[in-house]
Amino acid sequence: MNRLFRLAPVLRARKAQEDAARGAVIQSRADVRDAEAMVRRRKLELVGADAPSEGTARAMVASLVARQSLAAGLFDAQRMVTAAEEIEQERLAALADAAKRHRAVEMMGDRHAAMLRAHDLRTDQAVLDELAVTAKARNAAGDVNDPNRSGA
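On a predicted model such as this, the values are computed, not experimentally measured, just so you know. Along each chain, the written sequence defines residue order, and numbers are assigned to residues from 1. Only residues with pLDDT of at least 70 are given local features in this predicted model, and only at 80 or more are side-chain atom pairs given and counted; all residues enter the totals for whole chains, interfaces and linings. In computing side-chain properties, one takes all heavy atoms of the structure into account and sets aside hydrogens as well as water.

## Describing helix α1 (residues 8-48)
To be explicit about the condition: Starting at the N terminus, helices and strands are each numbered in turn, a helix being any DSSP run of H or I of at least four residues and a strand any DSSP run of E of at least two. Helix span is expected to be 1.5 Å times the residue number reduced by one. Exposure is judged per residue with a 1.4 Å probe applied to protein chains only, and the accessible area is read against the type maximum: over 50% gives exposed, under 20% gives buried, and values in between give partly exposed.
Along its 41 residues, α1 runs 60 Å from first to last C-alpha, staying within 8% of the 60 Å computed at 1.5 Å per residue. For α1, the full list of buried residues reads Glu18, Ala21, Val25, Ser28, Ala30, Val32, Ala35, Met38, Val39 and Leu46.

## A look at the environment of Arg103
Put simply, the rule is: Two N or O atoms form a polar contact when they lie within 3.5 Å of each other; inside protein one atom must be a possible hydrogen donor and the other a possible acceptor, and for residues adjacent in sequence the pair counts only when both atoms belong to side chains.
The topology assignment puts Arg103 in helix α2 (residues 57-145). Each C-alpha atom, one on Arg103 and one on Leu11, is 8.8 Å from the other, the two residues being 92 residues apart in sequence. There is a polar contact of 2.8 Å between the side chain of Arg103 and the side chain of Glu106.

## Structural notes on the pattern of salt bridges
Stated formally: What makes a salt bridge here is a side-chain nitrogen of Lys or Arg within 4 Å of a carboxyl oxygen of Asp or Glu, nothing more.
Taken as a whole and assessed by the stated rule, the structure comprises 9 salt bridges. In this structure, the salt-bridge partner of Asp120 is Arg3, at a minimum N-O distance of 2.8 Å. Here Asp120 is found in helix α2, whereas its partner Arg3 is found in the segment before α1, with 117 residues between them in sequence. Arg3 sits in the partly exposed class, given a relative accessible area of 48%. Of the charged contacts in the structure, one is a salt bridge between Glu18 and Arg22, with a shortest N-O distance of 3.1 Å. Of this pair, Glu18 and Arg22 both sit in helix α1, 4 residues apart, which is roughly one turn of that helix. Where salt bridges share partners, they join Lys15, Glu18, Asp19 and Arg22 into one cluster.

## Some points on the nonpolar core
What counts, and what does not: Residues belong to one nonpolar core when they are buried, are Ala, Val, Leu, Ile, Met, Phe, Trp, Tyr or Cys, and are joined through side-chain atoms within 4.5 Å. Contact criterion: two residues are considered in contact whenever any of their non-hydrogen atoms come within 4.5 Å of each other.
Counting 7 residues, the largest nonpolar core consists of Ala35, Met38, Val39, Leu46, Leu74, Ala77 and Val81. Counting only elements with at least two residues in this core, the list comes to α1 and α2. Ranked by residues supplied to this core, first place goes to α1 with 4 residues. Beyond its immediate sequence surroundings of up to four residues, Leu46 is in contact with Arg67, Leu70, Ala71 and Leu74.

Here's what the structure looks like:
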């Protein structure tokens, strides 16, 4: 029986794929956190930019345009959060798939190891049985050749 697991390179490759997918998920979670932090900052900027209650018409228009620009920035930041969350979900699905493929090959390796153990146990048992039969035959042959032993 072949003692080497022929799919060991595949197992290592699948493990590397799973690790890479796990790293991508971690990175996408960091991206989501960064995007959420940007949303919080933009909200604070928008709240802090109140429209002036008095001043020239140009100053009021400029203030309103600035607020509109801040609101657009907030909207973009919210879209970034949504996009980052979608990417995170895709990467989680990829991680689940990679883990499933890795586990399938790992189970084949476990089955191979179990078959090796069973083969070794059968071989050891056959050797022990052979030793027991040989010892019994030797003892029986010794009784035939030595009449004093059988009478004792």
